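# Coordinate inspection notes
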Amino acid sequence: MVGSNRNRKIRLSVRYAIAVVLLLVMVYPYLYMVLNSLADWSQVDRKLIPDAFTLKSYQWLFLGGETGVTRPWIGSFLNSIVVSLLSTALMMAFGVMVAYALSKLRFRGRDTVNNFILFHMFFPAIILLIPSFLIIQKLGWYDTYWALIIPKGVSLWAVFMYTNFFKAVPDAFIEAAKLDGARDFQILYKIMLPMSKSITSVIFLFLLMERWTELLWDMIMVRSDHMLTLNVLLSQMFGPYGTYPGPLYAGSVLLSLPIIILFILFGKKFQEGMQFTLK
């Protein structure tokens, strides 16, 4: 009996040790980025843990680097927030409505639409970049919010995730609601959406993170300073100054902060939603 308890404690200790090692492996790269963003420039990328710290990297960013030209940080940050939130809202609204139709409504060609969505998901978005750019130009949307929001307002991944979730909801709920006189939009809003809070948190965070970190599309679609997003502004600063790793780490920290804050706020719902997706 004593030997079995001892073996159990040893196994538990080994598991904890492995968990700690894995946690350090995952967390340390971000910690390394934060420390080097605050490190003295003489120690950036030269020590695993710097011991001399300064705000010089952040000052370099906000003062415009060596050019001394003040950059539109606040405007770019607000642009990123507006573009990311509106694009994510459109992606989720489109995903919910299409997923409900594909999972709970019967119409001719439903299987064809499902197959087309799956087929389209295999192709990288970059192959449609040039046609999309030409369409934006012909519509007169170039260098406007329309170009940054509307083309990014559709996510087939969100449609796929919501469709799988809605298929798991028993049809008895839908039939009972229809007997009470509810229409499809009311069923979607009052029954399906409240039941999908967990998966919605996962989809929201993933879509927002994807849009927030988008760079290539934003670089192509805007040219004026007042339309710059935070990603584009950072890329412009590090184009001619790529030899400054300290400010590069500082910019990466600034870019990742909103995602970290959102994850802290919605972490519980995110875990619940991930448990569903893994079932």
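Computed from a prediction, not measured in an experiment: that's the story for all the values here.

What follows is about empty space enclosed by the protein. Evaluated as defined, the whole model comprises one cavity of 30 Å³ or more. One number sums up the size of the largest cavity: a volume of about 40 Å³. Around the largest cavity, the lining residues are Ser80, Val83, Ser84, Arg211, Trp212, Glu214, Asp218, Thr229 and Asn231. Going through the elements one at a time, helix H3 (73-104) and helix H10 (197-212) are the ones with two or more residues in the lining of the largest cavity. Here the lining of the largest cavity takes three residues from H3, the largest share from any one element. Looking at the lining of the largest cavity, its residues break down into two nonpolar, four polar and three charged.

By volume, the largest pocket amounts to about 990 Å³. Considering the residues around the largest pocket, the lining is formed by 29 residues, among which His120, Ala125, Pro151, Lys152 and Val154 are closest to the centre. Listed by contribution, the elements that provide at least two residues to the lining of the largest pocket are helix H4 (110-121), helix H5 (129-139), helix H7 (156-167), H10 and helix H11 (216-221). Of the residues assigned to the lining of the largest pocket, the class counts are 22 nonpolar, three polar and four charged. Counted as a void, the second largest pocket has a volume near 400 Å³. Around the second largest pocket sit 14 residues that line it, and Met209, Ser256, Ile259, Ile260 and Phe263 are the ones nearest its centre. For the lining of the second largest pocket, the secondary-structure elements that each account for two or more residues are H10 and helix H13 (245-277). A breakdown of the residues in the lining of the second largest pocket according to their chemical character gives eleven nonpolar, three polar and no charged.

Here the focus is the environment of phenylalanine 173. In this structure, phenylalanine 173 sits in helix H8 (residues 171-179). We classify phenylalanine 173 as partly exposed; its relative accessible area is 42%. Residues phenylalanine 173 and methionine 192, spaced 19 residues apart in sequence, show a C-alpha to C-alpha distance of 9.2 Å.

Reading the values: rules and limits
- Per chain, residues are indexed from 1 in the order of the written sequence.
- Owing to the predicted nature of the model, reporting of local features is limited to residues with pLDDT of at least 70; listing and counting of side-chain atom pairs is limited to 80 or more, with chain, interface and lining totals taken over all residues.
- No hydrogens and no water enter the side-chain calculation; it runs on all heavy atoms of the structure.
- Two kinds of site are reported from a 1 Å grid over the protein atoms alone, namely cavities, where a 1.4 Å probe fits but cannot get out, and pockets, open sets with protein on both sides within 12 Å along at least five of seven lines, and residues are called lining when an atom falls within 4 Å of a point.
- Grid points are joined across faces, edges and corners, and a volume is the space filled by probe spheres set on the points.
- Strands are runs of DSSP state E lasting at least two residues, helices are runs of H or I lasting at least four, and both sets are numbered from the N terminus onward.
- Note on residue categories: nonpolar means Ala, Val, Leu, Ile, Met, Phe, Trp, Tyr, Cys or Pro, charged means Asp, Glu, Lys or Arg, and polar means any other residue, Gly included.
- Whether a residue is buried, partly exposed or exposed follows from its accessible area with a 1.4 Å probe, protein chains only, as a fraction of its type maximum: under 20%, in between, or over 50%, in that order.

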